[in-house]
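Residues per chain, in single letters:
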Amino acid sequence: MTNSNTPTGSTTMTTTKQTTHEKVVKSLARRHAAEKRFRFYGMASVFFGMLCLVVLFTDIFSKGVSAFTQTSLTTEIYIDSDYLGINKDSSIDEVRFANFDGLLKRHFIKTMSPESRSDTRQLFKLISPGASWQIQEVVSDDLSTLNTSITVELLMDDDVDQWFKHDRDLTEDETNNRLSELQLSWLNNWLDSGKLDDHFNTYFFTNGDSREPELAGIHGAIKGTLLTLLVTLLLSFPIGVAAAIYLEEFAPNNKFTEIVEININNLAAVPSIIFGLLGMAVFINIFGVSRSTPLLGGLVLTLMTLPTIIISARAAIKAVPPSIREAAYGLGASKNQVVFHHVLPLAMPGMLTGTIIGMAQALGETAPLLMIGMVAFVVDIPGFISDPSTVLPVQIFLWSDSPERAFLERTSGAILVLLSFLILMNTTAVILRRRLERRW
């Protein structure tokens, strides 16, 4: 039975309150659902990015790890001094011009007994052109090896190297190798006798570039990279820090300063190839700096890294609390003393971190260096900043354009080395920032 004394307004108010509560609950539910979706999308994006990195690194590692091993043939060869025309008193130049290539060919003709000239040519194709250089190096180091038998591990040709690493367990239908049946029979005989094996490829780290994949190395590119980065660091760090200190502490607040700041921020976003064009127009055409040298590469990379260093240095200076400046002024310090004795030491960790990141960016650049001629084929190891050289990213670019399968392997190996340098530099920046940063 309904109570006729219950006010109608009270019922309406209760209904309104319930309706408002239901709306709030539904609104909160929608907001919570939207937050969950947002978190899910964020986690999915991070997972997808990590998955792409894993796939990328796995692909590079699987293709490049074999570049760190090289196939060789262990054999015993007699060093005939009469055939070579040298003796224990011969000079290094006489040893250098001796016919070690003919000695090596005579050895294989005698031990393998090819039946025709065609078979002989096929036999010689299995051995790397650098094998005779290996024997020459042994004799040059110790002339007492003349007229004795020595055991050497001779480099094999890149086709043999690829067969040994990837194709020897495949059937003829599965592989498209460049070796004949006769060559495969010789290789299988050496393999069964334990003479054919692979070892750590030291030449990959000690040789310069070469037309022969089994002789190609990254020593020249690494040294050229280090010399180029040295020039970049010696120029960009002091100039960038000085510019940041002036703009942040001493520059007047006028239109000119504002224009300079805007242009610095814009230069940080300019494509790197533009700096290569600028370097070619200014340093080569006007100042006459030689092409393909670490000096020229360092100058160009300095232009590219300066905006990054200036911006990071200014941010580090801004991060110093104003109380530090006020305390120094209160003790009677001058403007220069405040900046150089108090602000700069406290901002230096951030400046160093920004510099390392800028150098890591310069380490991976290829486009500006291509524009100034560092894409040249350079075999010799550079000794100074004025010597012709290339850098590791450009070396990777050159090898990636080569048709030989072994160069693809070395391309991935060089990428692994480059990534190691980049990870090392970025890790150094993180450790440096954490150890030197001050908490206010």
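Keep in mind the model is a prediction, meaning the values are calculated, not measured.

(A) Quick peek at the nonpolar core. In terms of nonpolar packing, the biggest core is built from 37 residues, with Ile218, Leu296, Leu369, Ile372, Leu392, Trp399 and Val417 touching the most fellow members. Elements with a minimum of two residues in this core: α10 (219-250), α12 (272-284), α13 (294-318), α15 (335-363), α17 (392-400) and α18 (405-436). It is α18 that provides the largest number of residues to this core, a total of seven residues. If we ignore the near neighbours within four places in the chain, the residues touching Leu392 are Ile218, Ala221, Ile222, Thr225, Ala414, Val417, Leu418 and Phe421. With 32 residues, the next largest nonpolar core counts Leu73, Phe100, Ala131 and Trp163 among its residues.

(B) Summary view of the packing of aromatic side chains. Scanning all chains against the criterion turns up nine aromatic pairs. These aromatic residues form a ring-pair network of at least three members: Phe68, Phe200, Phe204, Phe205, Trp399 and Phe407. When the ring centre of Tyr83 is taken as origin, the NZ or CZ atom of Arg106, which lies over that ring, is 4.5 Å away. Positioned above the aromatic ring of Phe250 is the side chain of Lys335, whose terminal nitrogen or guanidinium carbon lies 5.8 Å from the ring centre.

(C) Summary view of helix α11 (residues 255-267). Its 13 residues give α11 an end-to-end C-alpha distance of 18 Å, which sits within 8% of 18 Å, the value for a rise of 1.5 Å per residue. Its side-chain oxygen placed 3.3 Å from the backbone nitrogen of Phe256, Asn254 serves as the N-cap of α11.

(D) Geometry of the sheet that holds strand β1 (residues 69-78). One open sheet holds the three strands; their spatial order is β2-β1-β3, and the pairing between them is antiparallel. On the outer flanks of this sheet lie β2 (149-155) and β3 (196-200), each paired with one strand and no other. Here the strands of the sheet are splayed against their neighbours by 40° on average, with no regard to which way each runs. Bridge count between β1 and β2: seven bridges; the pairing is antiparallel. Residue pairing in the sheet places Thr75 in a bridge with Val152 of β2. Packed onto the sheet, helix α6 (residues 131-141) meets β1 and β2 and runs at close to 140° relative to β2.

(E) Seen up close, the packing of helix α4 (residues 100-112) against helix α5 (residues 117-125). Running from amino to carboxyl end, α4 crosses α5 at an angle of 120°, the nearest separation of the two axes being 11 Å. Two packed elements cross with a definite hand, and for α4 against α5 that hand is right-handed. Note on element contacts: α5 touches α4 through Thr120, Leu123 and Phe124, opposite Lys105, Phe108, Ile109 and Met112. Each residue belonging to the contact of α4 with α5 can be placed in one class, and the counts come to five nonpolar, one polar and one charged.

(F) Looking closely at empty space enclosed by the protein. Within this structure, the stated rule accounts for one cavity of 30 Å³ or more. In this structure, the largest cavity occupies an estimated 40 Å³ of space. If you go around the largest cavity, the residues you meet are Gly208, Asp209, Gly220, Ala221, Val378, Val379, Asp380, Ser389, Thr390 and Gln395. In terms of residue class, the lining of the largest cavity is made up of three nonpolar, five polar and two charged.

(G) Spatial organisation of the packing of α13 against α15. In contact at an axis separation of 8 Å, α13 and α15 are set at 150° when each is read in the N-to-C sense. Between α13 and α15, the crossing angle belongs to the class labelled roughly antiparallel. The hand of the α13/α15 crossing is right-handed. The segment α13 lies against α15, with Leu301, Met304, Thr305, Thr308, Ile309, Ser312, Ala313, Ala316 and Ile317 engaging Val343, Ala347, Gly350, Met351, Gly354, Thr355, Gly358, Gln361 and Ala362.

Cut-offs used in this document
- Residues numbered from 1 in each chain as written.
- Predicted model: local features only at pLDDT ≥ 70, side-chain atom pairs only at ≥ 80, totals over all residues.
- Heavy atoms only, no water.
- Core = buried A, V, L, I, M, F, W, Y, C linked by side-chain atoms within 4.5 Å.
- Buried < 20%, exposed > 50% of the residue type's maximum accessible area, 1.4 Å probe, protein only.
- Helix = DSSP H or I, 4+ residues; strand = E, 2+ residues; numbered from the N terminus.
- Contact = heavy atoms within 4.5 Å.
- Phe/Tyr/Trp six-rings, centres within 6.5 Å; stacked < 30°, edge-to-face > 60°.
- Lys NZ or Arg CZ within 6 Å of the ring centre and 35° of its normal.
- Expected span 1.5 Å × (residues − 1).
- Polar contact = N/O pair within 3.5 Å; in protein donor to acceptor, adjacent residues only side chain to side chain.
- Pairing = 2+ DSSP bridges.
- Axes fitted to C-alpha atoms, helices over the stretch in contact; angles between N-to-C directions.
- Left-handed = near helix turned anticlockwise from the far one by under 90°.
- Nonpolar A, V, L, I, M, F, W, Y, C, P; charged D, E, K, R; others polar.
- 1 Å grid on protein atoms, 1.4 Å probe; cavity = no way out; pocket = protein on both sides within 12 Å on 5 of 7 lines; lining within 4 Å.
- Points joined across faces, edges and corners; volume = space filled by probe spheres on them.
- Parallel < 35°, antiparallel > 145°, perpendicular 65-115°, else oblique.

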